[in-house]
Amino acid sequence: MDMLTKEAIRYLGYGKHAVDDSTLALISDSFRNLEAAAGRKSIYRIFDLEQIADDKFIIGKAEIQSRNLGRNLRGCSKIVLFGATLGTEVDRLITRTSLTDMAKAVIHQACAAAMLEEYCDECQRNIGRELEAEGLYLRPRFSPGYGDFDIRHQAVLMQMLDCAKHIGLTMTDSYMMTPTKSVTAVIGASATMEKCHIKGCESCGKKDCTYRRDTL
């Protein structure tokens, strides 16, 4: 079983339970449909990072306060602001499917989340290779809404990246992104290579989460 399928199964909440062949077939079919619809786009910018306290730092002209993010960024001199989306057609596919087959729509949701995570990982590896040439190494992605990193900071990140112009990503008054299969994040960069994975679960303290990876 490939990693993308394993991720979709994790998002579906199976945990360690076996997945039947019919569900695996639906997942495979869902990935084919989503691949045809996906319009992947991403944007990133690199800033100097000024940490003025354990829980407070400055990115460009923005001041952000978060104890959890502060731990993640400790020792970093640069920070990457990052945004990515699978595009509007994925949203339309999920919406259309939900009108006729809700079970299939749920699988589409899980598979799209897995696709987005895989795309973000690929983007981060590419950014990492660029920064390694400067002797810098990336930390795990950290998105608004994780821990005490307030979801309202989403607006600041999207403005600094000009997401609407570059990748067609906008936000509602309640801080929901459109298209929905999208993400914003910050990624610290330091001169020290840390033994941590690029994915976000490693930064999360919720040990009993249904969606937590078995490898942790």
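Residues numbered from 1 in each chain as written. Predicted model: local features only at pLDDT ≥ 70, side-chain atom pairs only at ≥ 80, totals over all residues. Heavy atoms only, no water.

Labelled according to an unreviewed UniProt entry, the protein chain appears under the name Vitamin B12 dependent methionine synthase, activation domain, originating from Faecalicatena contorta.

Tallied over the entire structure, the rule returns 2 aromatic pairs. With a centroid separation of 5.5 Å and an interplanar angle of 75°, the aromatic rings of Phe142 and Tyr146 are classed as edge-to-face. The class of Phe142 is buried, set by a relative accessible area of 3%. What makes Tyr146 partly exposed here is its relative accessible area of 38%. Ring plane angle 45° and centroid distance 6.1 Å describe the contact between Phe142 and Phe149, whose orientation is recorded as tilted. Among the residues examined, Phe149 registers a relative accessible area of 1% and is labelled buried. Among the aromatic residues, those joined into a cluster by ring pairs are Phe142, Tyr146 and Phe149. Across from the ring centre of Tyr11, 4.6 Å away, lies the NZ or CZ of Arg10, which sits over that ring. (Phe/Tyr/Trp six-rings, centres within 6.5 Å; stacked < 30°, edge-to-face > 60°. Buried < 20%, exposed > 50% of the residue type's maximum accessible area, 1.4 Å probe, protein only. Lys NZ or Arg CZ within 6 Å of the ring centre and 35° of its normal.)

Counting 32 residues, the largest nonpolar core has Phe31, Phe82 and Val90 as its most contacted members. When residues of this core are traced back to their parent elements, those giving at least two are helix 1 (3-11), helix 2 (21-37), strand 4 (78-85), helix 4 (88-100), helix 5 (102-132) and strand 8 (182-190). Those residues in contact with Val90 that sit more than four places away from it in its chain are Leu34, Ala37, Ala38, Ala112 and Lys181. One finds Leu49, Ala62, Ile79 and Met160 within the second-largest nonpolar core, a separate group that totals 23 residues. (Core = buried A, V, L, I, M, F, W, Y, C linked by side-chain atoms within 4.5 Å. Helix = DSSP H or I, 4+ residues; strand = E, 2+ residues; numbered from the N terminus. Contact = heavy atoms within 4.5 Å.)

Time to look at the side chain of Ser182. Within the secondary structure layout, Ser182 lies in strand 8. Residue classification places Ser182 among the buried positions, given a relative accessible area of 8%. Excluding anything up to four places from it in sequence, Ser182 contacts Ala84, Thr85, Leu116, Leu169 and Met177.

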